[in-house]
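# Tertiary structure, described
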Amino acid sequence: MPARRRSDEGENLSETTPEWILAGRAFVRGRLQPVEIAIDRVGRIQSIGKIRTGAPRRDVGDAVILPAATDLHVHFREPGGSAEVESIATGTLGAALGGVTLVGDMPNTAPAVTDADLLEEKARRVAGRAAVDVLLYASPSRPQALDRLARVAGAFKVYLSSTTGIPEAPTLDAVGELLSRLAEFDLPVAVHAEDPAEFRSDLLPRNPIDWDSARPPRAEKAAIARLLPPPPRLRLHVAHVTTTDGAERLRAAGVSFEATPHHLLLSERTGRDARFKVNPPLRSEGERKTLWEAFRRGEVPCLASDHAPHSSESKALPFARAPSGMPGVETMLPLLLAQVRKGQLDLSTLVAAACERPARWLGQPLGRIAPGHRANLIVVDFTARTRLSGQALHAPCGWTAFEGWDAVLPREHYRDGERIVENGEFVGRPSGKVLRPEYATGASG
Ligand SMILES: [Zn+2]
């Protein structure tokens, strides 16, 4: 057998010449190390190591190369929302600039995505308008539509309490039956876990502290208890967990879940006005701290933004009447990268929660710098400081609950090896695609 030449440290998938080479300190196999990343003609990572070919080479110098993030929970408000608040075009632009290369868009639009025709209609809105790839969630609220819907949807989202666009939630007794039915389809299922029986409607909420009392932590606890144990084979994920009690139960049951930057970094006392009104509510400082400690220890599998913008006018309404939700897709990774710079968070913990696990949950070859994965990468310069300002962000709503916070915005973002962000500006094409999990029935990959 003739000896095959290998590069010294590389894991060559093929011997063909790469299209180009990205060189620098990159997050590979759990740590930052100086490498050269060979990227092939179709934008996949071909090999990592010392490359000795004549392909064009770009060295990022003192900056670092990370896998781009996946935000598995956003609301881009199409169809039915106002373009002055958000759209697929503007939401994916914010994602690209914030280092997010894939978003999971939720189905509670107007109309809600409850059948295959509505899902395909939404997919047509992505074509030619999205700066990054989009996975479309569907609502399983119409049982007769499920079979066809499961063949085109990227994932399901179940709401246990009524929400914008989806007023009717399954009764908690019906939830087990619904989850068993959804386990028949090979798709991820995310659940908004708050039990409305535990909400207090006798309170008139005037600030985030009242809101926490009106939708208390025990509502989350009761809903999570109903979900466990999940049916076998169900790919279950619980959205925006706000309590360490919830996090511990889900961990013990081996169920995936996410925490948001606002529940990790803000508490019910951070601000008094309706910009800080969100579902589930911001919690006490003590609860926030313990959730943050769990996140730091790597005990929260996924980070997700629950990006849900509303106009400044609607957020200026009296607290009780103002809508819930805040923007976050553009600031999710930059806020947490700033925590890494401050020494408050390990880079490996952040990459696992923001890049690796969400991509794996959605069945995508993303989120790791590894041969065979898509070359969706960001370049981050930890010496460049940004103070967040709602005006400077790209969400049309023009505000952020993190006004003035320290952030590290990616300098570059590559999608399939093509640069889409350069010096913090979008320079790509709106060629984002609708993706489905590679493990889903009928997925083309
Ligand atoms: Zn949401």
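Everything that follows concerns the structure shown earlier in this document.
Residue indices follow the written sequence of each chain, beginning from 1 at its first position. Where local features are concerned, this predicted model is filtered to residues with pLDDT of at least 70; where side-chain atom pairs are given and counted, the filter is 80 or more; whole-chain, interface and lining totals use all residues. Calculation of side-chain values draws on the structure's entire complement of heavy atoms; hydrogens and water are dropped beforehand.

### Structural notes on the packing of aromatic side chains
Ring pairs are drawn from Phe, Tyr and Trp, using the six-membered ring of Trp, whenever the two centres fall within 6.5 Å, and their geometry is named by plane angle: stacked under 30 degrees, edge-to-face over 60, tilted for the rest. In total, this model carries five aromatic pairs according to the counting rule given. Aromatic side chains Phe402 and Trp405 sit 5.2 Å apart centroid to centroid with 85° between the ring planes, which places their arrangement in the edge-to-face category. Cation placement over rings: the criterion is NZ of Lys or CZ of Arg within 6 Å of the ring centroid and within 35° of the ring normal. We note Arg235 situated over the ring of Tyr439; from NZ or CZ to the ring centre the distance is 3.4 Å. Above the ring of Trp211, the side-chain terminus of Lys277 is found at 4.4 Å from the ring centroid.

### A word on empty space enclosed by the protein
For cavity detection a 1 Å grid was placed over the protein atoms alone, and a set of points counts as a cavity when a 1.4 Å probe fits there but cannot get out; an open set counts as a pocket when protein lies on both sides within 12 Å along at least five of seven lines, with lining residues being those that have an atom within 4 Å of a point. Grid points are joined across faces, edges and corners, and a volume is the space filled by probe spheres set on the points. Summed over the entire model, instances satisfying the criterion amount to two cavities of 30 Å³ or more. Taken as a whole, the largest cavity holds about 60 Å³ of empty space. What lines the largest cavity is simply His307, Pro327, Gly328, Val329, Glu330, Thr331, Leu393, Ala395, Trp399 and Thr400. The nonpolar class holds Ala, Val, Leu, Ile, Met, Phe, Trp, Tyr, Cys and Pro. Asp, Glu, Lys and Arg form the charged class, and all remaining residues, Gly among them, are polar. Across the lining of the largest cavity, the residue classes tally to five nonpolar, four polar and one charged.

### Digging into the coordination of the zinc ion
A donor here means an N, O or S atom no more than 2.8 Å from the metal, or no more than 3.2 Å when the metal is Na, K or Ca. Since water is not included, a site may seem to lack partners. The zinc ion binds to the protein through His73 (NE2), His75 (NE2) and Asp306 (OD), with metal-donor distances spanning 2.1 to 2.2 Å. In primary-sequence terms, the residues that donate to the zinc ion follow H-x1-H-x230-D. With His73 in strand E5 (residues 69–74) and Asp306 in the loop between strand E12 (302–303) and helix H10 (312–315), this pair connects stretches of sequence that are 233 residues apart. Note on His73: relative accessible area 1%, which makes it buried. Think of it in three bands: residues with accessible area under 20% of the maximum for their type are buried, residues over 50% are exposed, and the middle band is partly exposed, with areas taken using a 1.4 Å probe on protein chains only. What makes Asp306 buried here is its relative accessible area of 6%. Counting from the N terminus, the helices are DSSP H or I runs at least four residues long and the strands are E runs at least two residues long.

### Some words on the environment of Tyr159
For Tyr159, the position within the fold is in strand E8 (residues 155–159). Note on Tyr159: relative accessible area 5%, which makes it buried. Residues Tyr159 and Tyr439, 280 residues apart in the sequence, show an inter-C-alpha distance of 24 Å. By definition, residues are in contact when any of their heavy atoms lie within 4.5 Å. The contacts of Tyr159, once residues within four sequence positions are left out, are His75, Met106, Pro107, Asn108, Ile166, Ala169, Pro170 and His192. Polar contacts here mean pairs of N or O atoms no more than 3.5 Å apart (in protein, one a potential hydrogen donor and the other a potential acceptor; neighbouring residues in sequence count only if both atoms are side-chain atoms). A polar atom in the side chain of Tyr159 sits 3.4 Å from the side chain of Asn108. One polar contact links Tyr159 to Lys157, side chain to side chain, over a distance of 3.4 Å.

### Re the sheet that holds strand E1 (residues 20–28)
Taken together, eight strands build an open sheet; the order of strands is E3-E2-E1-E4-E13-E16-E17-E18 and the sheet is mixed. Two strands lie at the open edges of the sheet, namely strand E3 (45–49) and strand E18 (425–426), each paired on one side alone. Pairing between strands is defined by DSSP: at least two bridges between them are needed. For strand E4 (residues 57–67) and strand E13 (residues 377–380), the ladder comprises four bridges, and the chain directions are antiparallel. The partner of Leu66 across the bridge, within E13, is Ile378.

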